[in-house]
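Notes for the structure review
Below are the chains, spelled out letter by letter.
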Amino acid sequence: MFSVSEADPLYLLCCGLRWKQGDATAGWQLLESLRRGSPSEKKIAADLLHATGGLQWPRSTMLMCGFPSEPVSRPRPDCTVQLQRNERDMKSPYGLEIIEDCSTCKRHQADWFCHLSPELLKDLNLHSHRGTFPDRAMLFVEGQSPRGAFLLCSGRAKLFTTSRDGRVLILKIAEPGEILGLSAVIANAPYEISAETASPCQVNFIARESLLKLVKQNGELGLQAAGTLSREFQSAYRDIHDLVMSRSSEGKLAKLLLSWSNGGKSNEFRVHSTLTHEEMAQMIGSSRETVTRVLSGLKKKQVIRLEGSILVIRNRSALEALAA
């Protein structure tokens, strides 16, 4: 995972010990610190990687990380081959398929924020800082000054707001291709919501100054940003309307379940959601007890059924009637 600030040396030392014991995720953290960290962070990471096996980096990697072209000590004849084998065999962090270059990414789709021209993708790639996050990691907090925007490459993120008495309202579950914190960056105002990963994620961080510079220089990116903000406004308006105008918690929950059908028209569909009853309650402005009671009632009416951790909607028509 990348960090905007310098990593704690004690944390890097812990990563070195875990990597020596075979923890691939810790090894990736040391690699990331060596490639993108501050000078002192790079030195600590290099020393730890060297100490865990006496390995030397290939010359190309040393140059990329800002080290002298010649190693301080003479490497063993097989050290480069061994290091390349370790890098190849090392599992990716959190099991994610890592995207190293935006300009060569084949994953983005037409409705993604990063669906841009090849030339603009190259510029975006130069100003991005890629990193990986585990589940339940905070990307930014409500009221925090806008450091930049976060482009979600893989995984999901929970966007929520918290009241003074600690009540939580989940506004949205962001999917890959969405950019988080854009409105705060454009307005130069504090983040209006908080963002927390809802699964392991790969994220591209774009600093505020860099993003604004790109928007000013590229009409295509400016239009993309305007379209994204417009869709966010429309979505927020619909959510507020549903939250206020729905007469019952049963109706609100029915709308939530229908929103997970991905536009399908079949009367029966499966919901693959990792949300707890508490999180579902936070999405409809209700309580966990109410959600549990409503789901139990829908199950008795044979509107839904459970197959392990999968929720199966048996009667779409009945849900639509409740949501109307």
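This one's a predicted model, so the numbers in the text were calculated from it and none came from an experiment.

Each value, and the rule that gives it
Residues numbered from 1 in each chain as written. Predicted model: local features only at pLDDT ≥ 70, side-chain atom pairs only at ≥ 80, totals over all residues. Heavy atoms only, no water. Helix = DSSP H or I, 4+ residues; strand = E, 2+ residues; numbered from the N terminus. Buried < 20%, exposed > 50% of the residue type's maximum accessible area, 1.4 Å probe, protein only. Areas by Shrake-Rupley, 256 points an atom, 1.4 Å probe, with all protein chains shown as cover. Contact = heavy atoms within 4.5 Å. Core = buried A, V, L, I, M, F, W, Y, C linked by side-chain atoms within 4.5 Å. Pairing = 2+ DSSP bridges. Arc of directions from axis to C-beta. Phe/Tyr/Trp six-rings, centres within 6.5 Å; stacked < 30°, edge-to-face > 60°. Axes fitted to C-alpha atoms, helices over the stretch in contact; angles between N-to-C directions. Parallel < 35°, antiparallel > 145°, perpendicular 65-115°, else oblique. Left-handed = near helix turned anticlockwise from the far one by under 90°. pLDDT = per-residue confidence, 0-100.

1. Concerning the overall build of the protein
Assigned secondary structure in the protein consists of 13 helices and 11 strands. Scored against the burial criterion, the 324 residues of the protein give a buried share of 42%. Total accessible area computed for the protein in this model is approximately 17,900 Å², and 54% of it derives from carbon and sulfur atoms.

2. Thoughts on the environment of Gly251
Of note, Gly251 is situated in helix H10 (residues 249–259). You can call Gly251 buried: its relative accessible area is 4%. The sequence separation of Gly251 and Ala321 amounts to 70 residues, and the corresponding C-alpha distance is 8.5 Å. Sequence-distant contacts of Gly251, that is, excluding residues within four places in its chain, are made with Leu322 and Ala323.

3. Structural notes on the nonpolar core
Soluble globular proteins tend to pack their nonpolar side chains together in the buried interior. Membership of the largest hydrophobic core comes to 26 residues, with the highest contact counts inside it found for Leu253, Leu257, Met280, Ile313 and Leu319. Excluding residues that lie within four positions of it along the chain, Leu253 makes contacts with Met280, Ile284, Val291, Val294 and Leu295. Grouped together as the second largest cluster of nonpolar side chains are 19 residues, Leu124, Leu151, Leu182 and Leu212 included.

4. What to know about the pairing of strand S4 (residues 157–162)
Relative to strand S5 (residues 168–174), S4 is paired through 6 bridges, and the arrangement is antiparallel. Its bridge partner lying in S5, Phe160 is registered against Ile170. Hairpin connection from S4 to S5: 5 residues lie between these consecutive antiparallel strands, with Gly166 at a positive phi of about 90°.

5. Some remarks on helix H6 (residues 118–126)
For H6, the full list of buried residues reads Leu120, Leu121, Leu124 and Asn125. All buried residues of H6 project into a common sector of 145° when viewed along the axis, lining one side. For H6, the exposed residues set more than 90 degrees away from the buried face come down to Glu119, Lys122 and Leu126.

6. Section: the packing of aromatic side chains
For the structure on display, the rule yields 3 aromatic pairs. Here Phe140 and Phe150 contribute two aromatic rings whose centre-to-centre distance is 5.6 Å and whose plane-to-plane angle is 35°, an arrangement assigned as tilted. You can see Phe140 sitting in strand S2 (residues 138–140) and its partner Phe150 sitting in strand S3 (residues 148–154), a full 10 residues away along the chain. Judged by its relative accessible area of 2%, Phe140 is buried. Phe150 sits in the buried class, given a relative accessible area of 2%. Note on Phe150 and Phe205: the rings are 5.0 Å apart at their centroids and 55° apart in plane angle, and the pair reads as tilted. Placement of the pair is Phe150 in strand S3 and Phe205 in strand S8 (residues 201–207), with a sequence separation of 55 residues. Note on Phe205: relative accessible area 5%, which makes it buried.

7. A short note on the sheet that holds S5
Taken in spatial order, the 4 strands make up an open sheet running S2-S7-S4-S5, and their pairing is antiparallel. Among the strands making up the open sheet, the edge pair consists of S2 and S5. Each strand of the sheet is rotated relative to its neighbour by a mean of 30°, with strand direction disregarded. Against the sheet, helix H11 (residues 277–284) contacts S4 and S5, and its axis sits at roughly 95° relative to S5.

8. Side note on the packing of H10 against helix H13 (residues 316–323)
A pair of packed helices is characterised by two quantities: the angle between their axes and the separation of those axes. H13 packs onto H10 with a crossing angle of 130° between their chain directions and a minimal axis gap of 7 Å. The angle between H10 and H13 places the two elements in the oblique class. Seen from above, H10 lies across H13 with left-handed handedness. Side by side, H10 and H13 meet where Glu250, Gly251, Ala254, Lys255, Leu257 and Leu258 of the first sit next to Arg316, Leu319, Glu320, Leu322 and Ala323 of the second.

9. Describing the sheet that holds S3
The 4 strands lie next to each other as S1-S8-S3-S6, forming an open sheet whose pairing is antiparallel. Only two strands of the sheet have a single neighbouring strand rather than two, namely strand S1 (128–133) and strand S6 (179–180). The pairing of S1 with S8 spans 6 bridges and is classified as antiparallel. By the bridge assignment for S8, Thr132 is matched with Gln202. Running at roughly 65° to S1, H6 makes contact with S1, S3 and S8 of the sheet.

10. Focus on the confidence of the model for the protein
The share of residues in the protein with pLDDT of 70 or more is 76%, and the mean pLDDT across the chain is 77. Across residues 1–6, where pLDDT falls below 50, the model places 19 contacts with residues more than four positions away in sequence or in other chains. Segment residues 54–90 is flagged for pLDDT under 50; beyond a separation of four residues in sequence, or across chains, it makes 43 contacts in the model.

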